Each structure stands twice: as structure tokens, then as C-alpha cells.
2 protein chains.
Amino acid sequence: MNTPELIRKKRDGCALERGEIFEFIERYTRGEIPDYQCAAFLMAVFFRGLDGRETADLTEAMLHSGQVLDLSCFPQPKIDKHSTGGVGDKTSLVIAPVAAASGLLVPMISGRGLGHTGGTLDKLESIPGFNTRLTLAEFRRVLGVCGMGLIGQTDELAPADRKLYALRDVTATVESIPLIAASILSKKLAEGIDGLVLDVKTGSGAFLKKFQNARELATCLVEIGTACGIGVQALITDMSEPLGNAVGNALEVVEALETLKGRGPQDLVELCRELTAHMLLLGGLEATLDAARARFDTVLASGQALEKLAQVIGAQGGDARVVEDYSRLPRAQHEDSVVAPEDGFVAGLEAQAVGQASMLLGAGRQRLDSVIDPAVGVIVEKKVGDPVSTGERICTLYANDLGLLRRAREMVRAAIEISPEPVRALPLILARLPEFG
Amino acid sequence: MNTPELIRKKRDGCALERGEIFEFIERYTRGEIPDYQCAAFLMAVFFRGLDGRETADLTEAMLHSGQVLDLSCFPQPKIDKHSTGGVGDKTSLVIAPVAAASGLLVPMISGRGLGHTGGTLDKLESIPGFNTRLTLAEFRRVLGVCGMGLIGQTDELAPADRKLYALRDVTATVESIPLIAASILSKKLAEGIDGLVLDVKTGSGAFLKKFQNARELATCLVEIGTACGIGVQALITDMSEPLGNAVGNALEVVEALETLKGRGPQDLVELCRELTAHMLLLGGLEATLDAARARFDTVLASGQALEKLAQVIGAQGGDARVVEDYSRLPRAQHEDSVVAPEDGFVAGLEAQAVGQASMLLGAGRQRLDSVIDPAVGVIVEKKVGDPVSTGERICTLYANDLGLLRRAREMVRAAIEISPEPVRALPLILARLPEFG
């Protein structure tokens, strides 16, 4: 079938055959199908969708566009976690060490921040010397030594995804559930994992603002991941206020370290516990969710997870002394705060606005090629539901540019809503797919 | 507005502003917007459509992407005709000379055949020496001498259309009413005309098979042409059997010449009369349709139109002796016929299949870069409704390759349907927009 006919077939609402999808992805990856035909195809998919079988075929075609890590020499269950991205989400830095210390192999390949959302790689790179650009051989060595590793996408794994994602970004075809699912899963399946826990975020700070859309994506991810032969558990979690207190790369590393020392903010600890517990279940290390939760608490309390993170930092070329000495992390020159204008209760702390303020300070990227500043960001000292009195500090901003600090402070101020009436704290875990009794 | 945002706006069903449309077309024509973004935009337009105002803006933006012919030095009304393409449609070769001989200026810029449909340029080029690639200066000179001229698209006129059409062709975004309308009208408006008669064909041999779609396009063309300041009359005409008897380039030139000599097939004469009459009305040379029809018959009978065509052939470098000596046209080496297998009436003569058989013989293009054979084609000796007796010839095929002749003959045979019961001839003119009382 020639390419215009294939585009027409999808455009007219017909399902594509597995062979057609594989041929399309192979030829596109090799550069035999030009970007303009792929762009028209992606827009047709945006409007017509892909059914479950087509999405699974697309995922596998993208997966097999490159290498798949063979981790069969490692005895542990291979389990990873993926988040759809949020503000203040440093869970990977806590979860991976706890899971690895518990006996899982965690071959975590992460992304960078874009727009108002942060990325694990950027946070890690605020640690002096930390190298996220390992070769696959180096990555395997780190996995062998530590039971975990944290790197970025490589050219060898799912190259079709990188090419497709770059094209979707500039052709307004990002917001398509089957394309998002195939992108996430092809990358994660390339890690050679047995199971995957997905943190699908919803709310103002998330990519998918509406719960309904988050549920749709979670359902699709579970269906397709299962069809592709791995165990999948999705959690839909709230991202209408930042997760934890810290937003910004080095600030979040400190919060992750504090969490590994048993001093983490309550919401962050809860989310890390739930996600890790599902990883332990998928890996067969625990039989019930309660037992898996208890295991998380035990490993955290034992200090083994903190040791594990220190070990990984060292193995990936970073300065492991940061674990005990935060002054080795970059620190911003200026700070300023936003205080409560009146007595009351925090009713809203718009995650997207806080994320954008942090990006403006330099913690995130406005464009793919923006350079980020690891030191800057925002500490959210109060959460939704907390009581505040007039003049009490709600947020602290850390900056290296006074002009940006002034503008970011206004954004944060506008993101805060105070109510005279008591407000309930926001529920964090909104749904689990598959459901748990 | 950046390009992904503009694509997203259309994708999400919002109307684009005039300035946005102009900027998009200007930047795309200059190569500042890449094909992949334009392809995604075109697919979004395919699904979301364009309203009348957007389509008029797009048409004008495409028109002003290049030069517009300034024909104001010519005193005659400037009127052209455009057909959406069919099988055996040689009307331009009859209409333009009659209209020019009647006192209109006919600056006709035509296309080439593609797929099963023929193109005026290919027919003209079967005349030895005929040059359809005049510069605009040469074209103006021919118009001045003859009152008409017949050339192909040039680089100067509506370059955005050429670039967009080539992209639509390979991205399955051709079949969009507003994009078709903007493409047709931008090219025709670039001719500097006052009025345009449109022959929108429907039926198996037409681009738009369904009457409803043809009506939609005709309505759009009339609306947009009027909004752009020219007079427009659309006729929706039948293309379920070939028009006239001849299909194939030199064969059609002979039939056009025969028609100009008063010996044309009834359906071809009728369609030429109706289209020309509407041109005369738009140009203000006649006040009623009946008077305009009578003028067509008078000019045809006078021999002035035949003289006019001979004059144009000479002015454009062709051998005008073909007008009297058909042996100067290319002639095929082989012929074969399809005869009636039984007594009865012709009930169907699938135009698309006859067009495809003719293309297979070499008269048309399977791809844009196919080389065509001017001599080959099919003569349809019977029309729908005609009685036939067993063994009577229905079609004759002319070929230069015996293998192709055999395959084409099978296609033509399968295209013929014979009924034992009498069958009505097909109505030719199905609708007029605007309607005529």
C-alpha cells in the first residue's frame, strides 16, 4: 500500500492492519516516508483515533524500531514507574531507591522537563557530576552494581518515538490518547521490563487537566501494556497543587533526600508509598497492597534506600556527599516570599501557575533548547487545607535574577487562593486501574 | 501566532482570522513554514472545514501569492470556463473559440490529465508544434491577436496553489470542498477574469461521484467566487458515461474539430452550447439564456469558431493544417473493438472504467510524471439508451501496444452493460447554480 492510500484509509476511519502499521513506522524511521506524510497521518489519527489492537501494533512497531534491553541475566523482577508529568514530582528519586533496595531491578529511563512540568533528568543533573547520558553498556553495569539506574533516552531505544514525538510537538498532534500511550509504552517496553506502574496525573498542573481524559489514558495504557505482555498498574493522582513542597531541581533533590531520611512531606510520602507498593506487587515481592506498603515503610526507615541513592549517585559519576551535605548542591542568590494577606485557609495553590513561575525563574524549559538553572525554584510552605494567619509565609521563591524574581512572585501570588472557611485537603489518589477491592 | 498554535486552532474547530490565513499562505509559499506543518494543517482543514469567509480569505491569499494578470487594456468582457474534470471532456476546445468569436476574451489556463480524467493541455499538445508553455507576455500577445489563448499554469500565477496542490496530492488531503474551491478559484482569479462558468461533474467518471458532493462544491464555488468579486455560474453535469464519443488526446481533438464543423455528437454539442451561453450571459453579450444559446448556434454555423481555433493553433506554434487534415495528428498502429454480445439497449458505459482503459493504453497519467501517448484511446460508438444488435460495434480501441490493447479491451468490455428493455438516455445538465427560472 502506498503512503497516501494508508493516510486516506485512516482518514476515512478504517482500522489499519498490523503489517501496514509496522511498514509505516519502519519506513518513517529510516527516512523513507517524509515528515509531511507522517504529519498528515498523525492528524488523521488525532481525529479518527486508533483502536486497542492498532495502538498495541503501533507500540510494538515503535518498540522494535530500535534495540530492546535484554536484562535476562539479572535475577530480579524488572519493574519501572512512569509519571505523565507534574509540578514538584520528585517521586522517582525516592521510589527507585526503595524499590531497588527491596529487591527489584529498576532500569529507569526518564525525560526532561518541558513547559511548567519538571523532569527527572534535570533534577538529577543538579547533583554535581551526575551523568544521565550513559551508554547502554554503562547503564547495564550500573544496574548490575546498584539494581537501579537513571538515564535519559538513547539513540538505540525506540528511535521512532523520538522522531514521532518531535514531529507531533510542532504539528499540534500531541494530545491524542493512543499516540501518547504508544509513545510512553514503546519507550518503557524498550527497557526490557516485566511490569510498569503508571502515575497518570490530572488537574491544573497536569498535561491532562480533566479526570475523564486521565482515566481514558490510564485505561488505554493498561490495555495496551497488557496486550504487549507486561504487568501494568495505573494510578490516577491529583496534580491541582504541587506535589510536596519543593518545585525546582536542586530544591527537589533536597526534598527527595529528606524523604529518604523519613522527613518527607505527607503527600509526597503517601504517593511514593502507593506507587512503590504497586511495583512490589507487580514484581511478586509482596502479595497484598498492605504488606507492600509496610515493606516501603520498613525499607525507608532502615536507611537502605538512602544508601542506595548514594550508591547510584556515585556509580553515575555524581558527588554522593550531597546526600549528607546539601551545600554541595547549587544554591540561588536571591529569595523572596509570598505571605497570607489575611487569616483563613489555603483553598487553592494552582500547580500550573507555580510550575510556570518556577520555569520563568529558570528551573524549566520554555523551548526544547532552553538552558535551565538548577538552583532556582519555589518552596510551597503551605498546602491546600492548611490554616494561615495574616503575614504568614505561604511560598518562598529562589532566584538568580531579581527581575525574574519579581515577575515570578506575582505569578505565585495570583496562584494562591485563601478562604475564610475551613477547606479540606485534596485527595491524592483518585483512582486505580485495574481497581483494587 | 506561531504555526503549531494556528494548526491547533483549526484542529479544535475555531475559525481562523483573515490575517492568520494570509500570513500562513505567505510564509508557506516563501518556504518559511515547512511542508510537515502545512500537511497537518491541511488534514485539520479536511476534518474541520473552513467557513465561507475563511475560504474566501484562503482563495485571496493564494491568489495574491503571485501575480494577477492585468487584462484591463483589452476591451472585451473577460470570461473563462472551468471543468472539474471528466472522461472525453473536450468542451474547452469548442467553447473557447465560440466564445472568443462571439466577442469575449477567454484567457484559459488549463491543467493536465491525471488518473482516468483527461486534461486540455494534453489534448492540445497532440497537435504538432502546439506550445502550451507560453510566457505571460506571449500569452498576452496571443490574447490580443485571437481574443483567446490556451496555456498551462505558470510559476508566476498562484504559486501557493501549485505548492499546496502537490502537497495535498501526497497527503490524502485532496477531497476537501473548501480546499478544492480555493484551488480552482485562486488559479482562475489570477487570470484577471470578470466571470467564470463552472462545469461541476458528478457520476462514476467524475472526481465527485455523488450529486450531493457536487452540489456542495458548486455552491461553495459560486459563494466564494462572488465574494471575491467575479460573476459565477455553475452547472452540475452528468459524468457517468463519457462525454461525446472520443476518449484520448488526438481522438478528442478530431471530435472537437468535427463539432466546430457542425458534426459533433449531440451530448457534447448540448453541453458546449449551455456552458458557452452562460459565458455570454456573464459577459453581458446576451440578455437571456435562449438568445445566448441561439448565438452559440449561429457562431458555430458561421464557421468563425473553427477559424478562430485554427488561428489560435497557429499563434501558439501549432500546425493549423490539422483543422482540415486529421492525418497530421498522431495515429495509433493497432485497433480492436468491443461488440454487443446480444440484442438490447446500452444501459451503462462506466465512464471511470473507459477512462482507466484509455489511461492504460497511454492516453492518461497514472502518476504526475507519466509520459502520455497522444494517439491512443477509445471511441465510444454507442451511448446509454442506444439500441444495439448482436455483434454490433460499441467501442473501438486505438493502441500502440498489443498487450495493453488486450487488457484495455477487457476493461471496456466490463464497463458495458446491455439491457433487454429500452433504456432512457441520461440527462446531461442536472442543476444550475444560481438556478435559472
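Parameters and conventions
Residues numbered from 1 in each chain as written. Chains lettered and ligands numbered in written order. Predicted model: local features only at pLDDT ≥ 70, side-chain atom pairs only at ≥ 80, totals over all residues. Heavy atoms only, no water. Helix = DSSP H or I, 4+ residues; strand = E, 2+ residues; numbered from the N terminus. Rg over C-alpha atoms; globule rule 2.2 N^0.38 Å. Buried < 20%, exposed > 50% of the residue type's maximum accessible area, 1.4 Å probe, protein only. Contact = heavy atoms within 4.5 Å. Least-squares fit on C-alpha atoms with pLDDT ≥ 70 in both. Domains from an automatic or database assignment. Buried area = accessible area lost by both parts, 1.4 Å probe. Salt bridge = Lys/Arg side-chain N within 4 Å of Asp/Glu carboxyl O. Polar contact = N/O pair within 3.5 Å; in protein donor to acceptor, adjacent residues only side chain to side chain. Nonpolar A, V, L, I, M, F, W, Y, C, P; charged D, E, K, R; others polar. Axes fitted to C-alpha atoms, helices over the stretch in contact; angles between N-to-C directions. Parallel < 35°, antiparallel > 145°, perpendicular 65-115°, else oblique. Pairing = 2+ DSSP bridges. pLDDT = per-residue confidence, 0-100.

Student: Mind showing me how you'd approach the overall build of chain A here?
Tutor: When its secondary structure is counted, chain A shows 16 helices and 13 strands. Taken over C-alpha atoms, the radius of gyration comes to 22 Å for chain A, in line with the 22 Å a tight globule of 437 residues would show. With the principal axes as the frame, chain A shows a C-alpha extent of 70 × 45 × 45 Å. Across the 437 residues in chain A, those meeting the buried criterion constitute 59%. Long-range pairs, those at least 24 residues apart, make up 78% of the contacts in chain A with a sequence separation of at least 6.

Student: Please clarify how the relation of the copies chain B and chain A should be interpreted in this entry.
Tutor: Turning one copy of the chain about an axis and sliding it along that axis gives the other copy, so a rotation and a shift relate them. When chain B is brought onto chain A, the operation consists of a screw motion whose angular component is 179 degrees and whose axial shift is 0.1 Å, with 0.1 Å RMSD remaining. Classification of the inter-copy transformation places it as that of a two-fold axis. By C-alpha distance to the rotation axis, the residue of chain B lying nearest is Tyr-36 of chain B, at 1.8 Å. Interface residue correspondence from chain B to chain A reaches 100%, placing this contact among same-surface, isologous pairings.

Student: Explain the domain arrangement of chain A to me, please; I cannot follow it from the model alone.
Tutor: Often, the extent of an interface is quoted as the loss of accessible area on bringing the components together. All names here are of chain A. Domain boundaries in chain A define domain 1 (3-49), domain 2 (79-157 + 165-325) and domain 3 (332-419). A separation of 24 Å is found between the C-alpha centroids of domain 2 and domain 3. Taken together, the contacts link 26 residues of domain 2 with 26 residues of domain 3. In total, about 1900 Å² of surface goes out of reach between domain 2 and domain 3, with carbon and sulfur atoms giving 55% of it. Considering only the surface of domain 2 that becomes buried against domain 3, Glu-241, Asn-245 and Leu-251 emerge as the three largest contributors, covering 26% of it. Applying the counting criterion to the domain 2 and domain 3 interface returns 2 salt bridges. Between Arg-365 and Asp-122 there is a salt bridge, and its shortest N-O distance comes to 2.7 Å. In this assembly, domain 2 and domain 3 are joined by 14 residue pairs in polar contact (both at pLDDT 80 or more). Listed by contribution, the elements that provide at least two residues to the side of domain 2 that touches domain 3 are β6 (246-247) and α11 (249-260). It is α11 that provides the largest number of residues to the side of domain 2 that touches domain 3, a total of 3 residues. Taken together, the residues that form the side of domain 2 that touches domain 3 break down as 9 nonpolar, 11 polar and 6 charged.

Student: Can you walk me through helix α15 (residues 351-361) of chain B in this structure?
Tutor: Given 3.6 residues to a turn, an α-helix orients residues that are three or four positions apart in the same direction. Residue and element names in this part refer to chain B. α15 sits mainly inside the fold: 9 of its 11 residues count as buried. Those residues of α15 that sit buried are Ala-351, Ala-353, Val-354, Gly-355, Ala-357, Ser-358, Met-359, Leu-360 and Leu-361. The inward-facing, buried residues of α15 contact β6 (246-247), β8 (344-349), β9 (377-380), β11 (393-399) and α16 (402-415). Looking one or two residues past α15, Gly-362 carries a phi angle of roughly 120 degrees, positive in sign.

Student: Would you mind going over the side chain of Ser-92 of chain B with me for this structure?
Tutor: Residues and elements named next belong to chain B. If you trace the backbone, Ser-92 turns up in helix α5 (residues 92-101). Classification of Ser-92 by relative accessible area gives buried; the value is 5%. A distance of 3.1 Å separates the side chain of Ser-92 from the side chain of Lys-81, its partner in a polar contact. Those residues in contact with Ser-92 that sit more than four places away from it in its chain are Lys-81, Pro-97, Met-108 and Thr-120.

Student: Would you mind showing me how to read the environment of Leu-69 of chain B here?
Tutor: Residue and element names in this part refer to chain B. You can see Leu-69 is positioned in the loop between α4 (52-63) and β1 (79-83). Taking the relative accessible area as the measure of exposure, Leu-69 reaches 7% and is therefore buried. Considering only alpha carbons, one finds Leu-69 and Glu-350, 281 residues apart in sequence, at a separation of 39 Å.

Student: Sorry if this is basic, but what is going on with the packing of α15 of chain B against α16 of chain B here?
Tutor: Between two packed helices, both the angle of their axes relative to each other and the distance between the axes serve to describe the pair. Residues and elements named next belong to chain B. The interhelical angle for the contact between α15 and α16, taken along N-to-C directions, is 175 degrees, at an axis separation of 9 Å. Of the possible angle classes, the one that applies to α15 and α16 is roughly antiparallel. On the side of α15, the interface is formed by Ala-353, Val-354, Gln-356, Ala-357, Leu-360 and Leu-361, while α16 contributes Leu-404, Leu-405, Arg-407, Ala-408, Met-411, Val-412 and Ala-415. Here the contact of α15 with α16 is composed, by residue class, of 11 nonpolar, 1 polar and 1 charged.

Student: Can you walk me through the sheet that holds strand β7 (residues 334-339) of chain B in this structure?
Tutor: The strands making up a sheet are joined through hydrogen bonds of the backbone, oriented either antiparallel or parallel. All names here are of chain B. As summarised here, the arrangement of the 4 strands in space is β6-β9-β11-β7, forming an open sheet in which the pairing is antiparallel. Every other strand in the sheet has two partners, leaving β6 and β7 as the edge strands with one partner each. Sitting on the sheet, α15 touches β6, β9 and β11, and the angle it makes with β9 is about 145 degrees.

Student: Can you walk me through the pairing of β8 of chain B in this structure?
Tutor: On a regular strand, one side chain projects to one face of the sheet and the next to the other, so that they alternate. Residues and elements named next belong to chain B. Of the pairings in the sheet, the one linking β8 to strand β10 (residues 387-388) comprises 2 bridges and is antiparallel in character. Paired with Phe-345 across the bridge in β10 is Pro-387. Bridging between β8 and strand β12 (residues 416-419) involves 4 bridges; their strand directions are antiparallel. Bridging from a neighbouring strand, Leu-349 pairs with Ile-416 of β12.

Student: Mind showing me how you'd approach the interface of chain B and chain A here?
Tutor: Tallying the contact residues gives 22 residues for chain B and 22 residues for chain A. Buried area between chain B and chain A, summed over both chains or domains, comes out near 1800 Å², and the portion from carbon and sulfur atoms is 70%. When the buried surface of chain B facing chain A is broken down by residue, Arg-11, Tyr-36 and Phe-47 of chain B rank first, second and third, together holding 34% of it. The tally of links from chain B across to chain A stands at 4 salt bridges. For Glu-175 of chain B, the salt bridge goes to Arg-8 of chain A, with nearest N and O atoms at 3.3 Å. Taken together, the links from chain B to chain A amount to 8 residue pairs in polar contact (both at pLDDT 80 or more). For the side of chain B that touches chain A, the elements supplying multiple residues, two or more each, are α1 (3-11), α3 (35-48) and α8 (159-170) of chain B. Examining the composition of the side of chain B that touches chain A, we find that 10 residues originate from one element, α3 of chain B, more than from any other.

Student: Help me understand the pairing of strand β13 (residues 429-433) of chain B, please; the structure alone is not making it clear to me.
Tutor: All names here are of chain B. Across the 5 residues of β13, 4 count as buried, placing the element largely inside the fold. Where strand β5 (residues 231-238) and β13 come together, 4 bridges link them in antiparallel fashion. Across the sheet, Leu-235 pairs through a bridge with Arg-432, a residue of β13.

Student: Would you mind going over the environment of Ile-418 of chain A with me for this structure?
Tutor: Residue and element names in this part refer to chain A. Positionally, Ile-418 belongs in strand β12 (residues 416-419). With 31 residues separating them in the primary sequence, Ile-418 and Pro-387 have C-alpha atoms 9.2 Å apart. Once you skip the residues sitting within four places of it in the chain, Ile-418 turns out to touch Pro-341, Glu-342, Asp-343, Gly-344, Phe-345, Val-346, Ala-347, Val-388 and Ile-394.

Student: Explain the confidence of the model for chain A to me, please; I cannot follow it from the model alone.
Tutor: Low-pLDDT stretches of the model should not have their predicted coordinates read in fine detail. When pLDDT is averaged across chain A, the result is 96; 100% of the residues are at 70 or more. Among the prediction metrics, the complex's ipTM stands at 0.88, with pTM recorded as 0.90.

Student: What's the story with unusual backbone geometry in this structure? I'm lost.
Tutor: Backbone phi values are negative for most residues with the exception of glycine, while trans is the configuration of most peptide bonds. Residue and element names in this part refer to chain A. Following Leu-433, the chain continues to Pro-434 via a peptide bond in cis, the omega torsion being -5 degrees. If you trace the backbone, Pro-434 turns up in the segment after β13 (429-433). One non-glycine residue, Ala-158, lies in the positive phi region at around 45 degrees.

Student: I tried to follow the side chain of Arg-432 of chain B on my own but got confused; where do I start?
Tutor: Residue and element names in this part refer to chain B. Position of Arg-432 among the secondary structure elements: in strand β13. Owing to a relative accessible area of 17%, Arg-432 belongs among the buried residues under this scheme. At 2.9 Å, the side chain of Arg-432 forms a polar contact with the side chain of Glu-274.

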